[in-house]
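# Structural overview
Residue-level listing of the chains:
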Amino acid sequence: MKRKGFIKNIPVLLPWLLLLLAVGLVFSQVERPAALVNVGVQWARVGVLAIVMTAIILSGGIDLSVGSMIALSSVAMGLLWKAGWPAEVASGLAVLVGATIGAINGFLVVLGLSPLVATLATMAFYSGLALMLCGGEKITKLPDPAIDTSQIAGWPSEYWILAFVFAAAMLLVHGTRFGRWCYAIGDNPMAARFAAIPVRRTQWWLYTASGMVSGLLAVVYTVRKGAIPDAHRGIELEAIACVVVGGTLITGGRGGILKTLLGIVVIANIDIGLFFLSGRFKFIGADARLMVVGVLLIVVAVWNEWLARTDDRVETLNEAAERI
Amino acid sequence: MNVAAPTLLQLEQVTKSFPGVRALADVDFDLRPGEVHALVGENGAGKSTLINIISGVLQPDSGCCRLEGQVCQWNDPVAARKTGIVTVHQEADFFPTLSVAENIALLHGLPTRKFGFVNWSAMQKTAQKVIGAVGEPIGAGVPADRLSVAHRHMLQIAATVLQSAKVVVLDEPTSALTSVEAAWLFQQVARLKADGVGVIYISHRQEEVFALSDRITVLRDGRKIWTRDRKDVDGKLLVQAMVGRDLEDSSSDRQRRPDSSAGDPERGHTVRRLEVRDLNDVKGRFQGINFCVGAGEIVGVYGLIGAGRTEMARGIFGLEPLASGSVLVDDEAIEIRRPQDAVRAGIAYLPEDRLREGLCRGLSIRANTVLPTLDRWTQLFRSSPQTEFSSASRLPHQEPWIKRWSLGLLASRRVEQQVTRQVVQQLEVRQRTMEQSISQLSGGNQQKVVLGRWLLAAPKVMILDEPTRGVDIGAKSEIHRILRQIADRGCAILMISSDLPEIQQYSDRIMVLRSGNISDQWPATEVTATQIAEAALPIEKACDQTPAARKKTTSWTSRGAGEWSLAAVIVVLSIWLSLTSVNFFSWANFGNLLAETALWSILGLAAATVIIAGGIDISIGSLLALAAACGGLLLKLPMAPQISIPLAILASLLVGLGGGLLNGFVSLVGRVHPIVVTLGMMIVYRGMVIALVSGRQINSVPQAFGWISIHPESGFRGAIVLGLLVSATLYVVHAHRRAGRHLYALGSSPSAARLVGVSQAKTWLFAFGLGGLLTGVAAVMVLSASMQMQSQLAKGWELQAIAVAVIGGVSITGGRGTVLGVVLGAVLLRLVNLALVRWEIRGEQVDVFIGGLILTAVLLDLFWKRRRT
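Residues numbered from 1 in each chain as written. Chains lettered and ligands numbered in written order. Predicted model: local features only at pLDDT ≥ 70, side-chain atom pairs only at ≥ 80, totals over all residues. Heavy atoms only, no water.

Summing up its helical and strand segments, chain B has 32 helices and 20 strands in all. Of all intrachain contacts in chain B linking residues separated by at least 6 positions in sequence, the fraction that spans at least 24 positions is 72%. A total of about 35,600 Å² of accessible surface is found on chain B, and carbon and sulfur atoms cover 56% of it. (Helix = DSSP H or I, 4+ residues; strand = E, 2+ residues; numbered from the N terminus. Contact = heavy atoms within 4.5 Å. Areas by Shrake-Rupley, 256 points an atom, 1.4 Å probe, with all protein chains shown as cover.)

Residues and elements named next belong to chain B. Applying the stated criterion to the full structure yields 33 salt bridges over all chains. Of the charged contacts in the structure, one is a salt bridge between Asp30 and Arg215, with a shortest N-O distance of 3.0 Å. Linking Asp30 in strand S2 (residues 21-31) with Arg215 in strand S9 (residues 215-220), this pair joins segments that are 185 residues apart in sequence. A salt bridge links Glu297 to Arg509; its shortest N-O distance comes to 2.6 Å. Of this pair, Glu297 sits in the loop between strand S12 (289-294) and strand S13 (298-303) while Arg509 sits in strand S19 (residues 509-514), and the two are 212 residues apart along the sequence. Through salt bridges with shared partners, one network takes in Asp281, Arg285, Arg314, Glu320 and Glu357. (Salt bridge = Lys/Arg side-chain N within 4 Å of Asp/Glu carboxyl O.)

Note that predicted coordinates carrying low pLDDT should not be read in detail. Residue and element names in this part refer to chain B. The predicted model of chain B has a mean per-residue pLDDT of 81, with 85% of residues at 70 or higher. The low-confidence segment residues 388-408 (pLDDT under 50) makes 36 contacts with residues lying over four places distant or belonging to another chain. Between residues 540-557, whose pLDDT stays under 50, and residues either more than four places distant or in other chains, the model counts 20 contacts. Interface confidence for the predicted complex, expressed as ipTM, amounts to 0.87; the pTM equals 0.83. (pLDDT = per-residue confidence, 0-100.)

Next up on the list: the interface of chain B and chain A. Counting residues at the interface gives 73 residues for chain B and 64 residues for chain A. Contact between chain B and chain A buries roughly 5,800 Å² in total, counting both sides, with carbon and sulfur atoms accounting for 72%. In this assembly, chain B and chain A are joined by 1 salt bridge. One salt bridge connects Glu416 of chain B with Arg180 of chain A, and the closest N-O pair in it is separated by 3.1 Å. Counting across the chain B and chain A interface gives 6 residue pairs in polar contact (both at pLDDT 80 or more). Every element with two or more residues in the side of chain B that touches chain A is listed here: helix H9 (309-317), helix H10 (339-345), helix H11 (354-358), helix H14 (413-427), helix H15 (443-455), helix H24 (674-693), helix H30 (797-807) and helix H32 (847-868) of chain B. The greatest single-element share of the side of chain B that touches chain A, amounting to 14 residues, is contributed by H24 of chain B. (Buried area = accessible area lost by both parts, 1.4 Å probe. Polar contact = N/O pair within 3.5 Å; in protein donor to acceptor, adjacent residues only side chain to side chain.)

So, about the packing of aromatic side chains. Counted according to the given criterion, the structure contains 9 aromatic pairs over all chains. With a centroid separation of 5.6 Å and an interplanar angle of 40°, the aromatic rings of Trp303 of chain A and Trp306 of chain A are classed as tilted. Separated by 3 residues within a single helix, Trp303 of chain A and Trp306 of chain A lie in helix H12 (residues 286-310), roughly one turn from each other. Assessed through its relative accessible area of 34%, Trp303 of chain A is described here as partly exposed. Accessibility expressed as a relative area gives 31% for Trp306 of chain A, which makes it partly exposed. Ring pairs connect the aromatic residues Phe194 of chain A together with Phe317, Tyr349 and Trp454 of chain B, which therefore count as one cluster. (Phe/Tyr/Trp six-rings, centres within 6.5 Å; stacked < 30°, edge-to-face > 60°. Buried < 20%, exposed > 50% of the residue type's maximum accessible area, 1.4 Å probe, protein only.)

Our next topic: helix H31 (residues 819-838) of chain B. All names here are of chain B. End to end, H31 covers 29 Å across 20 residues, agreeing with the expected 28 Å (1.5 Å per residue, within 8%). Across the 20 residues that make up H31, a large majority, 15, are buried. Backbone geometry just after H31 places Glu840 at a positive phi near 60°. (Expected span 1.5 Å × (residues − 1).)

Structure follows, in structure tokens:
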């Protein structure tokens, strides 16, 4: 089935338009827009992870350990900081730790393990390790840092990191051969190898980048709230949900960074909107939010698969928008 | 009186259209018993569509099919097979993780005994018969992925011959075979003829068509051109009918260099482009390879399958590790460890299997074309891209090295489109737009794109592995014309082919590989076909090239290796634990351990069942909580325990079953990967649990319910019995029921499963439903043990369930795993938990060890797999 011309792009855009409309309506309920900034911080964090996750999923992989990587980096930083080291050194360590454990993930995948199993195992391993290191207690009441890295120019740092990671990812994935390699590897790793693409090197870098970004997020979080290992559970699934809702296929080879941005915006808005609504209407509790997000995820995934099947051109409007 | 022979199969006015394409238009076809009827035509002519209709894969839009006079309509391949039509497809799909015997059995449906249990002895007998017909030493218990492509194909053909079919369709049967195996194939065809079976034979190889067939039908553009007796047809007529125009005479098609003696670099007349000295393979598939190819020369490499041609080519290109030897390009030795090294040195390689090794099917033509050369098509500092075609005689070594290296950062779609356009024009690739998905092109055009992508690299040496396999005649001669042009520009070409006439016609020099060594080489004009074929034959027949025999013995030892090592670890751990703690083996402790093992065996089996079928379920924890909540709610009802308990149990089981089926259904119908579906469902189920549970408690629970897990006085644990029962039942289902074996088949190869008639829908739903049901059973156990409903119940349990399965030997990619392994995995995990409690490691810190165990298990499995191949 072919959809011709401009008509063909409507089914792709339609859901987003509808959802944004609905969400906009909900937002008219918000009394203090300033509160949004703080509420949205956690979603900015998810967004950063989702963007990096997009690149990994495009290449046919997946990283379930991002939450645990944040936890471990955060604990490492907290321990060092509490022991008296300056905050800057501790921050550097956090990023280093993140990069290292990300590199371990990359190493396992390059060895030949399925990314699903490898990152599932390291997810357990890193989070358990984080808990062991801090003795099961969260590390708070940390000494004041010389520079408060949790805020830049009045905005929480997470938003800046999001903007930076987004720009970097757009450039890397859609403007360099590294990105082209990711698509090829996700489509057919064997053919990519036969086409002289450095498959293993690319994969390793992707997972290392994921770890580095997790470390960066850990720094900002620890400065703001301390090293709380439990706080990052489940964030990887939220990130994957954003990627899927955005339209990147979980099997790899198709999708893009802009799509994920859309997914982040949609899910964040729905969750926040429902949260505000639940203040108004008591019957909408945590369970309702969960169910809505879950159903949304599945419905959109089915919709995107149907789109991908009936679309005989590889490039859709979204992808054209991602041209540099 | 009807003098003509009775018709076996008759198709009248069959028409089939796809969106935008008329694949078949009013085609008539008939087949007589005991005849070999060749079906010939270019790619896209409609042969595959016709065959798919006959074998039941597709249904015609209009027209009538008759088998032995009776009107027939086949809705699926299984129906066609039941009426006696057997098809051997070109891409021999098989089940890699299943044994040879089971592969053979699945072709015609697993044999069953009384009560529907799988008949293993009948399966073995059939397998031995088939292997005997092939005549090669192949072990029936060997996993099929250890066999070579040729052997797999031959087994399939032999199995077909042994079955009493009425019509046998052979689609390009010799594409994976060469002379020796092909001779065996022709014998089989003769047998079929003698048995009165009608054979439809599709082949691109004219000599086969003329050698075997009684009648020939030509299709072109979806129409039948004619059907004639073979004796009324000659090569020219055939080609004319296929292509619709006169192709040049094959002798004038000889794109030979006028002075072939000048092309022999041994005599030092031309530049030695490629030189290979004493090349040895790490795995011994080729040894002591010495040859060279001069600029402008096309060297044809011939040899049987297993002679080491592809392995040698891959070794030169850096895809396979070399034990020793050197490769020189333009008299400069090169260190080649990876394909990138080869490309930088100016070597290009076109792989043998275009679909799996050559193309990224989901990407566009443009993306596929520029893939290896992305570093050249950048936007900065280049106004017009330099390609093979725009600067005709420029080769990479003439370009400034620095300029080429430093600009590989920014990709430019505009430049990529420019160069792709040049490639498409020069090679006459028939396509609509370069942004179209490459999977929509015909085989010949796809091959041209793969060729073009390497031309963009301006290589000095091109190695082509079966360049015209699966390519129609028109595209074939175009490709050879292009190859000659490239050679004339100074490139050295190494052409590997199993098509002897092609080798003779298009090469300047011919080289034959035999058992990993170069047996002979001659200038093409100075050798006959017989000489070439003889040089390719192995010297001693007893020299067993097939490692299958050797592997037959190793499969026995490795089959149970996983379970044995698990058991060993468990024994060691138990001994250590009993030594370091006083009352480890007290009845209470032991009982607890067994009860927990029972629970986790069931959960592990729930995860394993789904994973074996090729899926995954990360909603197990939430589903368990939901099932427990529903059961718990029912227990609160003011009813007699005799009613409320069974009702609660039933509710839990049904919720589990329903949840599992829902997961399976959504992923099946929505065609979404199960990880996404179960992720969403996990969130939804958890939401439902919160909605059901919040603010509600179970009070006054009937006592008897608790007995399911533990009897308060005697300490008897019903859980253990339940666990044993479930494990035993699952074992029977997995190993001895057809539905269970279908799980393995689907997980092993979904495409083969479809062809063979294993219903993907039914098997998928069975897998998820069974998994959900087991989750429901576990929910009952948990509910009776804890007597509580919690909204956070079983959070994260799916990780442990998957861990149990993976540690127990279940392969995450599907098709592999045993019930015993999963149970052992559960035992091991509980023991580890116990040990950790002893070390005072509590709560989620345990996860470190779970993660570590999973990694150890999969790394070990990977290690063993690498050692075996």
